[in-house]
Each structure stands twice: as structure tokens, then as C-alpha cells.
Amino acid sequence: MGFAELLDEVGGFGRYQWIHVTLISLPGLLMASQNLLNNFVSGVPTHYCSIPANHSLSNLSHLHQKQLLKMFIPPDSSGNRLAQTEDCIDGWTFEQSDFLATTVSEWSLVCSLRPLKQMIQTIYMGGVLTGAIVYGSLSDRFGRRSVLIWSYLQLAVLGCSSALSPTYSTYCIFRFLSGMAVSGVIINGVEWITTKTRTVVGTLSSFFFTFGQMVLAGLAYWLRDWRKLQMVVCAPNFLFFAYSWWYSESARWLVLNQRSEDALKSLHRVARINGKSEMIDKITVEVLHSHMKKEIESARSTFTVFDLLRTPGMRRISICLMAVWFSTSFAYYGLAMDLQKFGVSIYLMQIIFGAVDIPAKLFALGILSYLGRRVSQAVCLFFSAAIIFANIFVPTDMQTLRTTLACLGKAFTSASFTTVYLYTGELYPTVIRQTGMGFVSTMARIGSMAAPAVLILDEVLPALPSLVYGGSAVLAGCFACFLPETLNVPLPDTIEDVEASVCILCVCLPATQYMLTTVNHISWLSKGHLPTPVYGLTLMVHHIQA
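Residues numbered from 1 in each chain as written. Predicted model: local features only at pLDDT ≥ 70, side-chain atom pairs only at ≥ 80, totals over all residues. Heavy atoms only, no water.

Enquirer: I would appreciate a short explanation of the overall build of the protein in the present structure.
Expert: Looking only at helices and strands, the protein has 27 helices and 2 strands in total. Across the 546 residues that make up the protein, the buried fraction comes to 49%. (Helix = DSSP H or I, 4+ residues; strand = E, 2+ residues; numbered from the N terminus. Buried < 20%, exposed > 50% of the residue type's maximum accessible area, 1.4 Å probe, protein only.)

Enquirer: What am I meant to see in helix α20 (residues 357–370) here?
Expert: Residue pairs spaced three or four apart in an α-helix point in one direction, given the helix's 3.6 residues per turn. Helix length check: α20 (14 residues) gives 20 Å between terminal C-alpha atoms against 20 Å at 1.5 Å per residue, within 8%. Among all positions of α20, only Asp-357, Ala-360, Lys-361, Ala-364, Ile-367 and Leu-368 are buried. For α20, the buried positions fall inside an angular range of 140° around the axis, keeping them on one side. Those residues of α20 that are exposed and aimed more than 90 degrees away from the buried face are Leu-362 and Tyr-370. (Expected span 1.5 Å × (residues − 1). Arc of directions from axis to C-beta.)

Enquirer: Explain the packing of helix α7 (residues 115–142) against helix α8 (residues 144–162) here, please?
Expert: The relative placement of two packed helices comes down to the angle between their axes together with the axis-to-axis distance. Two elements in contact, α7 and α8, have axes separated by 7 Å at closest approach and are oriented at 135°. In terms of axis orientation, α7 runs oblique to α8. Where α7 abuts α8, its residues Tyr-135, Leu-138, Ser-139, Asp-140 and Phe-142 lie against Arg-144, Ser-146, Val-147, Trp-150, Ser-151 and Gln-154. Here the residues of the contact of α7 with α8 sort into 5 nonpolar, 4 polar and 2 charged. (Axes fitted to C-alpha atoms, helices over the stretch in contact; angles between N-to-C directions. Parallel < 35°, antiparallel > 145°, perpendicular 65-115°, else oblique. Contact = heavy atoms within 4.5 Å. Nonpolar A, V, L, I, M, F, W, Y, C, P; charged D, E, K, R; others polar.)

Enquirer: What should I look at first to understand the UniProt feature "transmembrane region" (unreviewed entry) in the protein in this one?
Expert: With numbering matched to this structure, UniProt assigns "transmembrane region" (unreviewed entry) to residues 119–138, 147–167, 173–193, 200–223, 229–247, 317–335, 347–371 and 378–394. The span residues 200–223 is 100% helix and 0% strand, and its two end C-alpha atoms sit 35 Å from each other. Spanning residues 317–335, this segment combines 100% helix with 0% strand, and its end C-alpha atoms are found 27 Å apart. (UniProt positions renumbered as here; feature names shortened; annotations may be inferred.)

Enquirer: Could you clarify how one ought to interpret the packing of aromatic side chains in this entry?
Expert: A ring pair, where both rings are aromatic, is described by two values, the distance of the centres and the angle of the planes. Overall, the coordinates contain 20 aromatic pairs when judged by the stated rule. Between Trp-325 and Phe-417, the aromatic rings sit 6.4 Å apart at their centres with planes inclined by 70°, giving edge-to-face as the arrangement. One end of the pair, Trp-325, is in helix α18 (residues 312–336); the other, Phe-417, is in helix α22 (residues 399–427), with 92 residues separating them in the sequence. Exposure remark for Phe-417: the relative accessible area of 21% places this residue in the partly exposed category. Each member of the aromatic cluster is reached from another via a ring pair, and the members are Tyr-16, Tyr-152, Phe-240, Tyr-243, Trp-246 and Tyr-247. If you follow Arg-269 out to its NZ or CZ, it ends over the ring of Trp-246, 5.0 Å from the centre. (Phe/Tyr/Trp six-rings, centres within 6.5 Å; stacked < 30°, edge-to-face > 60°. Lys NZ or Arg CZ within 6 Å of the ring centre and 35° of its normal.)

Enquirer: Is there a simple way to explain a nonpolar patch on the surface in this structure?
Expert: Taken together, Leu-457, Val-460, Leu-461 and Leu-467 make up a surface patch of nonpolar side chains, about 340 Å² in accessible area. Along the polypeptide, Leu-467 turns up in helix α24 (residues 464–480). (Patch = residues over 30% accessible without salt bridge, like charges linked within 9 Å, V, L, I, M, F, W, Y side chains within 5 Å. Areas by Shrake-Rupley, 256 points an atom, 1.4 Å probe, with all protein chains shown as cover. Salt bridge = Lys/Arg side-chain N within 4 Å of Asp/Glu carboxyl O.)

Enquirer: Sorry, what's going on with the environment of Gln-213 here?
Expert: Mapped onto the elements, Gln-213 comes out in helix α10 (residues 195–223). C-alpha separation for the pair Gln-213 and Leu-37, spaced 176 residues apart in sequence, amounts to 9.5 Å. In contact with Gln-213, other than residues within four places in its own chain, are Ala-32, Leu-36, Tyr-332, Gln-350, Phe-353, Gly-354, Asp-357 and Lys-410. A distance of 3.4 Å separates a polar atom in the side chain of Gln-213 from a polar atom in the side chain of Lys-410. (Polar contact = N/O pair within 3.5 Å; in protein donor to acceptor, adjacent residues only side chain to side chain.)

Enquirer: Would you mind going over the side chain of Asn-35 with me for this structure?
Expert: With respect to the helices, strands and loops of the structure, Asn-35 is situated in helix α3 (residues 28–36). At 3.3 Å, the side chain of Asn-35 and the side chain of Tyr-333 are in polar contact. Those residues in contact with Asn-35 that sit more than four places away from it in its chain are Gln-121, Tyr-124, Met-125, Val-182, Phe-209, Tyr-333 and Met-337.

Enquirer: Where do I start with the layout of surface pockets in this structure?
Expert: Left-over empty space is what a probe sized like a water molecule reveals as it rolls over the atoms. Of the volumes computed, that of the second largest pocket is approximately 920 Å³. Taken together, 45 residues form the lining of the second largest pocket, with Arg-114, Asp-338, Lys-341, Leu-455 and Asp-458 sitting closest to its centre. Put simply, the parts of the chain that give the lining of the second largest pocket at least two residues each are β1 (47–49), α7, α18, α21 (373–392), α22 and α24. Ranked by residue count, the leading element in the lining of the second largest pocket is α21, at 4 residues. (1 Å grid on protein atoms, 1.4 Å probe; cavity = no way out; pocket = protein on both sides within 12 Å on 5 of 7 lines; lining within 4 Å. Points joined across faces, edges and corners; volume = space filled by probe spheres on them.)

Enquirer: So what exactly am I meant to see when it comes to the pattern of salt bridges here?
Expert: Pairing between side chains becomes possible if they bear opposite charge and their charged atoms approach one another. Here the structure, examined in full by the defined rule, presents 5 salt bridges. Put simply, Asp-262 and Arg-259 hold a salt bridge, and the shortest N to O gap is 3.1 Å. Salt-bridge contacts for Glu-426 lead to Arg-373; the nearest nitrogen and oxygen are separated by 2.8 Å. One end of the pair, Glu-426, is in helix α22; the other, Arg-373, is in helix α21, with 53 residues separating them in the sequence. On the basis of relative accessible area, Arg-373 is assigned to the buried category, the value being 10%.

Below you can see the structure in the form of C-alpha cells.
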């Protein structure tokens, strides 16, 4: 018996868990805002060179404003110049039809400074990566609850401070620290959920992130000012900080850190809220230790990241998952962070991109049970790559088709995210599962860091970013084909279990082939026929697939 059985005894998924999941999921509405905020905070308004303020327009008063702009702005290569032109030595004028103010218009992040716009997102994702490493370690040392409370406060204070940033550099620093806090929120809060409901709860909680994408579009359309938008999406974290003191510290973590009395108080509190007061007298420190004996012993055996690569089977799984996680995140944010290129309202595109995640997640959950994990993962990646490649050949004036293909590509990358999250949990053994999840999800964060930077390559060749995104998805799809299938397979508990399951095709398969072929030979010889090894091999393959 383990901690999961203790949770069942104090009410399973009872009133406390319902409240806990609801309060933990609500911030998810704004986590999407943090990840995709740069689409609107750093949106690029229509802009042109400012008309010189000291230029006499007395002789040009009869010209329309558009004609004046045509005179003072260098036209496209296909246009005719009406007057001698020069570089934008007087700065730029930004229209306010789509955005009232953005970081681009405030700090003139255009032309030679254009890469700095994408750099904001890369720096933020670097903070997310750093936070996962730092706060993951701090959670193991100081507890889940303490780090979660601090992360809410950090995100509230630094997020709101970024809205007051006087310079580009200051804003980038605040965004990096906000990214760290986002990781502190994401990695904590699930240890009071029973094992049998964790998958369903995780899936339902992910829908808060999906709806959050649409909430972001509504807020951005309403405010249209980057400082106001930044403040609005960060200020609610003060509320989350206020009610996060209600959470109970993870009893599992308390026991494993020799704080059994505190763990007992937490369990009694959960039992009382779940209406299981009769269990308070039954659950003692001795009962707690007897239930968690296996987990306590496992905690004494330390496993590191090197154990993910030490043995052949684990090394094969880890390398393949690294490629899948990186490419999935890389393609996902490559599509999600470049909404203005489709020629459709950026606010409408954000709503559509958020909405397609709903059927995508349901589609992923459906095919996982019918096609299996490996095929589903490969299909999602190959389809997303095919759609990204197809969009390269669609003319820019066919906006409806380009938008439709982009939404399909986003849907398949979202489905790939759903698949790989479940798949990874089934591939890694219990003793090192959390370490493995943290390791490969780090590759996803590196992918999300690299995605915005690749968008700068469109200055070299407009189709180059799409080629890179699609190519990485194809490569990851190939890696996914080398992963073992886990559909209807018991979860491995030890590294030895993984090695046995991975090596079954390379070790047990030849033995099975020999056995079945031999049996087949005997059967055919008894009938007076010549042996047919091919039939024995076919029978063996059908047996393995069944």
C-alpha cells in the first residue's frame, strides 16, 4: 500500500480535491496570457517614416495625406518615386488602428531593431526554463506549498512592475523573472490528486490554458495598450497569492522529509473537509509509515539525470523523447507567436488558435486508445509538418486557406503535446518518472526559446522559418517511431522493467522466431510438406502484434 491508498481512505477525490483543483486551475487562465503575451504587447503597428517636422508644406497643401506619405516614404520596388528620398532619420510614425501602444511603437523596434521584438519572447522563455530548474530544486528542499505561494507573489509584483518599465532592458529583466515565477506555479499543486483521477484532472485543467488563450484575445482587443494589458494579466496573481495560503503542504513530501507529524495534520485536515472525520483517529504516524514504507525506501535510493542515459533502453527512450518534446514545442510556439503574418485580425486569430485546441485535445485522447501511443505521436508530428510545408506554397492573397492550414497545424501540434505528456509518463519507470518528465520537458522549454528567434530568418527567405519548423517536426516524427508502444501495458516500476520491455524486440524476438519456426517445421513435416520459415515468421509477427 502507498500514499494513493491513504488518499482514498480520506475521501479520494472529495470536496477538498474539488476545491484544490479549482483554485489551482484558475491561474491557468492567465498562464496562457503570460506565454502568448508578446503577440499583443509587442505587436507591430502599421508604421512609416515620420515626415520631417521642419519641412515646409506650404507648397504641398493641395496634396492628400496619402500623397504626402508617398512622397516622403520610399515606395516598394514596384512603385515610382515622386521625390528624392532618404533613410528614416526623423524616426517613425505608428498608426493606432490595431494597437494604441506597444513595445515596438514605444521603443521603435523596427527595421534594424526588429530582432529585439522576438528577443523579448526568447528571454521570457529562458526565464521559464531557469525557473523549472531553480524552483524544481527549491520545491524538493522547502516544500511545494511555500514555492507555490512565493511564485504567485513574484509573478504579481514583477509582472505589474514590468508594466512600468522605462526601458527595453528593464522590461526584458522583469519578463525573465516573471517567466521563472510561471514555472514555479506550473510544477506544483498536483500531489493531493489520486492516481486514478490524475489523467482526467490534468486534461480538464489544460482546458483552462486553452480558454485562457481566448481570454487574452478579448483583453488585448479591449485595452490595446501594452502597459494596461501587462498590468491586467498580472494583477490577479495578488488574489491567487492571497488564497494560496489555504493549500495544504504535500503530505508525501512531509513524510519523505522526516516531518511525519505535519503530514498527519495535513491528512486529518483533508479528511475533515472531505467528510471523513472517522478516519482522523484511525490514521496515525505508524499507519502513515506502514502505508508509505515502499516510498520511503525508494526515496533513499537516489536517481539522477545520468540514469536516464546510462542503460541502452533508457537512453533510447530519452533521446527520442528529447527530440519529440523539443520539436513539438518548437513548432507550437513557431505558429502561435507569428499571428500577424496571416493578414487576418490578430485578435480573431488568437481566438481561433485557442479554440482549435479543444477539438485537438479531444482528438488526441480519442486516437490514443485506438492507434496506440507511438502511432498517434508520429501521426500528429507528420501531419503538422505536412500542413506547415503546404502553407509555404499558398499565395499570401489566399488568406482564408492560409489561416485554415495554420489552424490545422496548430491543432496537430497541440494534439502532439497532449500525446507526449501522457506517453512520457508511461515510458519512464516509477523510481525516476519525475526526473524524466523534468528532463524532457526542459527540451520543450528550449524549443519554445528557439522558436521566436527562428522567425527572424524570414529576412533571409520568407519561407525559411516554416521549413525549419516543419523539418524539425518530421525529424521528431521519425524519432517517435523508435519508441516502444505502451497501450495496455503495465507501468514500469524500475529501470530493469524498462530494459526488459525495450529489449524484447531485439532479444526475445529472435528466440520467439526460432521457436515458432521450429514448431511450424514440425507441423509441415508431419504433413509431408517442406518447411516454410516465412510462414513461421508471419505467425510470430501476428502473435507479437496481438
